[in-house]
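A look at the structure
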Amino acid sequence: MTRIPWWRHAVVYEVYVRSFADSDGDGEGDLQGIRSRLGHLRDLGVDALWLTPFYTSPLADGGYDVADYRDVDPRFGTLHDFDALVADAHAHGLRLIIDIVPNHSSDRHPWFREALAAPPGSPARSRYIFRPGRPGERPGEIQPPNDWPSAFGGPAWTRVDDGEWYLHLYAREQPDFNWRNPEVRSEFEEILRFWLDRGVDGFRIDVAAGLVKDESLRDLNGRDSRALNGPVYSRPEVHDVYRGWRRILDEYDGDRMAIGEVWTDGPEDLALYLRPDELHQVFQFDLQLAPWSAAAFREVIDAALKAVAPTGTAPTWVLSSHDSIRHVTRYERPESVPGIGHARARAALLLLLALPGSAYLYQGEELGLPEVTDLPDEARQDPIFERTNGELAGRDGCRVPLPWSGDTEPYGFSPGGVRPWLPMPARWAPMTAQAQASDPSSMLTWYRDALALRRRLLDDLPEDIDWLDSPGTALCFRRGPLICALNCGENPVRLPPGTPLLTSTPLYGDLLPGNSAAWLTPS
Ligand code: BGC
């Protein structure tokens, strides 16, 4: 029998480090805080943690602006704390994946400081992407070197004092590396080894498709920067980088893995990253992007399975992350129906966990946390808010610290009396982990039950699914000994014959109510 690597069907829990648990009372989460809460994750029943960046950083983009790839930011702890966390996570039976940010550094990274101090054309500048500007339409006017936009708003170029411009696909504090420079490649290979040697089980690769840009940096001319065969993302040369990384991962024991954050235009493109000598997994975001609709879910599930089928890898599924509006809130439509978002989120969990492959959960979804939509402007920290002059609220609303216990802010997130880095809503007392832990009807209990049952069934579940007949507002599939039915409509639908194992709302006989899901064993 072929040995199945741990990640292939894992449930991975994303820890947004700054907002998970604060041990030292500075209002920001830290590595010791994570250590102190590993019991929560073990009891929840996940297989692995993915830690968002905890490296030395000015936090211009919440840590996705790294100033030192080989150290822990003092706000988050020390390398010693990191080693202790790896050991403790493993002792709890949890694997640990860390985020690696290779597309860009912080503008405070020593290499970028060196580049700014060096003249145009120097080796220090060639670690990043510096170019002269181009003449504008008006006499004397200088424009950026091309028309690429920053993903956070405004142009992707910033001009420096001597007149050259540097590229940043994200904030101006995140200059893009030049991956055509071999020094950048070898530096990152060393960084991977540094963390592998410390015992990490894998990496989540940030902006994985963006590393190598088209050499000519040609204009987009109105095309979407993600467009297939465009100059920005998924250039053929990026695959060579991952072949090198795969060789390194394979040198280590213990099924070390890498998952790429790849936003692509099509399944063919995605499959390229999953060739046997490249990445183990890529995120498939379509479920997260789909509306609450059985037809839409069915379509994205088929497409996701089809995309990975030729590669021999298993799919990945995700409903929320630190970059998106929490799904309880996305599903809260119409808002006039109280609790509809939570009912749908419960149901969606059964869908997510019944599918073959691995599921990535985002911290707080097990508590049913909604998006915080009423943060005061002065509290907002996401560069998207500032770079769009407040037109876009940004991603702070899904990054509010977790409520652990108690009745008032900081709800056990920080030691008493400390103000967390983002304000926590007054209405969160009933949502703390402590309040939910012993409530059989809570979201936390629901997550624990569903994860425990998935774990029990997993060994018998094949990797393919068969769609069963269902009304248009519902979907129903069989995966070996498991049937999963999801009713996205308002009216009850009849379930196929079987014995219910878990249902998100009580059934009426063999009828599944609207906005609910059920797992059954076929009879
Ligand atoms: C991360 C974001 C980050 C961006 C730039 C993303 O895809 O998930 O949080 O802002 O990369 O690093």
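Everything here concerns the structure above.
Below is a short write-up of the structure. Not measured: the values here are computed from a predicted model. Going along each chain's sequence as written, the residues are numbered from 1 onward. Side-chain atom pairs in this predicted model are given and counted only at pLDDT of 80 or more, local residue features only at pLDDT of at least 70, and totals for whole chains, interfaces and linings cover all residues. Side-chain calculation: all heavy atoms of the structure are included, whereas hydrogens and water are not.

**Details of the overall build of the chain**
Our working definition: Helix and strand assignments follow DSSP, with helices taken as H or I runs no shorter than four residues and strands as E runs no shorter than two, numbered in order from the N terminus. Note on exposure labels: buried denotes an accessible area under 20% of the residue type's maximum, exposed denotes more than 50%, and partly exposed covers the range between, all computed with a 1.4 Å probe on protein chains only. Contacts were defined at the residue level, with two residues in contact if any of their heavy atoms lie within 4.5 Å. The method behind every accessible area is Shrake-Rupley, applied with a 1.4 Å probe, and residues are considered shielded solely by the protein chains displayed. A residue counts as positive if it is Lys or Arg and as negative if it is Asp or Glu; His and the chain ends are not included. Every charge is mapped onto a representative atom, which is NZ of Lys, CZ of Arg, CG of Asp or CD of Glu.
Scanning the chain from N- to C-terminus turns up 14 helices and 22 strands. Along the first, second and third principal axes, the C-alpha set of the chain runs to 75 × 55 × 50 Å. Here the chain, with 523 residues, has 59% of them falling under the buried criterion. Expressed as a percentage of contacts within the chain between residues at least 6 apart in sequence, the contacts between residues at least 24 apart total 65%. A total accessible area of about 20300 Å² is found for the chain, and carbon and sulfur atoms account for 51% of it. Charged side chains of the chain number 53 positive and 78 negative; the gap between the two group centres comes to 2 Å.

**Concerning helix α4 (residues 110-117)**
The criterion, for reference: The arc in question is traced by the directions running from the helix axis to the C-beta atoms.
Buried residues of α4: Trp 111, Phe 112 and Ala 115, and no others. Down the axis, α4 shows its buried residues gathered within 95° of arc, on one side only.

**Quick look at the packing of helix α5 (residues 182-197) against helix α6 (residues 238-251)**
To be explicit about the condition: To define axes, lines are fitted to C-alpha atoms, for helices over the stretch in contact only, and angles between the resulting N-to-C directions are given on a 0 to 180 degree scale. Just so you know how the angles are binned, under 35 degrees is roughly parallel, over 145 roughly antiparallel, 65 to 115 roughly perpendicular, and the rest oblique. For a crossing to be left-handed, the near helix must be turned anticlockwise from the far one by less than a right angle; the clockwise case is right-handed. Any residue outside Ala, Val, Leu, Ile, Met, Phe, Trp, Tyr, Cys, Pro, Asp, Glu, Lys and Arg is labelled polar, Gly included; the first ten of those are nonpolar and the last four are charged.
Remark: α5 packs on α6, axes separated minimally by 11 Å, with the N-to-C direction vectors making an angle of 30°. In terms of axis orientation, α5 runs roughly parallel to α6. Seen along the crossing, α5 lies across α6 with a hand that is right-handed. Together, Arg 185, Phe 188, Glu 189, Leu 192, Arg 193 and Leu 196 of α5 and Asp 240, Val 241, Gly 244, Trp 245, Ile 248, Leu 249 and Glu 251 of α6 make up the contact between the two elements. When its residues are assigned to classes, the contact of α5 with α6 shows seven nonpolar, one polar and five charged.

**Points about the environment of Leu 270**
Inspection of the secondary structure puts Leu 270 in helix α7 (residues 267-273). Assessed through its relative accessible area of 7%, Leu 270 is described here as buried. It is 9.2 Å that separates the C-alpha atoms of Leu 270 and Ser 234, two residues lying 36 residues apart in sequence. Sequence-distant contacts of Leu 270, defined by excluding residues within four places in its chain, comprise Val 262, Thr 264, Val 282, Phe 283, Gln 284 and Ala 307.

**Notes on the packing of aromatic side chains**
Defined as follows: Any two of the Phe, Tyr and Trp rings considered here, Trp counted by its six-membered ring, make a pair once their centres fall within 6.5 Å; the pair's planes then place it as stacked at under 30 degrees, edge-to-face at over 60, or tilted in between. To sit over a ring, a charge needs its Lys NZ or Arg CZ within 6 Å of the ring centre and within 35 degrees of the ring normal.
Per the counting criterion, the structure on display carries 31 aromatic pairs. For the pair Phe 54 and Trp 195, a centre-to-centre distance of 5.5 Å together with 80° between the ring planes defines the contact as edge-to-face. Taken together, the positions of Phe 54 in the loop between β2 (48-51) and β3 (55-56) and Trp 195 in helix α5 put the pair 141 residues apart, joining distant regions of the chain. With 5.4 Å between their ring centres and 80° between their planes, Tyr 242 and Trp 245 make a pair best called edge-to-face. Here Tyr 242 pairs with Trp 245, and both are found in helix α6, just three residues apart, close to one helical turn. For the pair shown, Tyr 242 and Trp 245 are each scored as buried. Taking the ring centre of Phe 130 as reference, the NZ or CZ of Arg 125 above it sits at 4.6 Å. It is Arg 380 that lies over the ring of Phe 385; its NZ or CZ is 5.8 Å from the centre.

**Points about the sheet that holds strand β5 (residues 95-100)**
Test applied: Strand pairing requires that DSSP identify at least two bridges connecting the strands.
Read across the open sheet, the eight strands follow the order β13-β12-β11-β5-β2-β1-β15-β14; overall the sheet is parallel. The sheet is open, and its two edges are formed by β13 (281-282) and β14 (316-318), each paired on a single side. In the packing of helix α3 (residues 79-91) onto the sheet, contacts are made with β2 and β5, and the angle to β5 comes to roughly 140°. Sitting on the sheet, α6 touches β5, β11 (202-205) and β12 (257-260), and the angle it makes with β11 is about 165°.

**Notes on the sheet that holds strand β6 (residues 130-132)**
The three strands are arranged β6-β10-β9 in an open sheet whose pairing can be described as antiparallel. Of all strands in the sheet, those bounded by a partner on one side alone are β6 and β9 (157-159). Averaged over all pairs of adjacent strands, the angle between strand axes in this sheet comes to 35°, irrespective of strand direction. Pairing of β9 with strand β10 (residues 164-167) involves three bridges; the strand directions are antiparallel. Paired with Arg 159 across the strands is Trp 165, a residue of β10.

**Some details on the site of the ligand**
Here is the rule we go by: Neighbouring residues are identified by heavy atoms, a residue being near a molecule or strand if any of them is within 4 Å of it. Counting of polar contacts relies on pairs of N or O atoms within 3.5 Å, with two restrictions inside protein: one atom must be capable of donating a hydrogen and the other of accepting it, and residues adjacent in sequence are counted only when both atoms are side-chain atoms.
Near the ligand, the surroundings consist of 14 residues, among which Asp 61, Asp 206, Glu 261, His 322 and Asp 323 are the closest. One of the side-chain nitrogen or oxygen atoms of His 322 is found 2.9 Å away from an oxygen atom of the ligand. Its free accessible area being 310 Å², the ligand has 97% of it covered by the protein chains. Classifying every residue of the shell around the ligand by side-chain character gives four nonpolar, three polar and seven charged.

**Quick look at the pattern of salt bridges**
Here is the rule we go by: What counts as a salt bridge is simple: a side-chain nitrogen of Lys or Arg found within 4 Å of a carboxyl oxygen of Asp or Glu.
Here the structure, examined in full by the defined rule, presents 40 salt bridges. Of the charged contacts in the structure, one is a salt bridge between Asp 201 and Arg 95, with a shortest N-O distance of 3.5 Å. Within this pair, whereas Asp 201 is found in the loop between α5 and β11, its partner Arg 95 is found in strand β5, the two being separated by 106 residues in sequence. Here Asp 201 falls in the buried class, since its relative accessible area comes to 4%. Here Arg 95 falls in the partly exposed class, since its relative accessible area comes to 30%. Across the pair Arg 134 and Asp 219 runs a salt bridge, and its minimum N-O distance is 3.0 Å. Of the two residues, Arg 134 is situated in strand β7 (residues 134-135) and Asp 219 in the loop between β11 and α6; the sequence distance between them amounts to 85 residues. For Arg 134, a relative accessible area of 32% gives the class partly exposed.

**Points about the nonpolar core**
Counted only if it meets this: What we call a nonpolar core is a set of buried Ala, Val, Leu, Ile, Met, Phe, Trp, Tyr and Cys residues that are connected through their side-chain atoms within 4.5 Å.
By size, the foremost hydrophobic cluster in this structure holds 162 residues, and its most contacted members are Leu 51, Phe 54 and Phe 82. Once residues within four sequence positions are removed from consideration, Phe 82 is found in contact with Leu 31, Leu 51, Phe 54, Val 72, Leu 96, Ile 98, Trp 195, Arg 198 and Val 200.

Remember, this is a structural readout, not a statement about activity or role.
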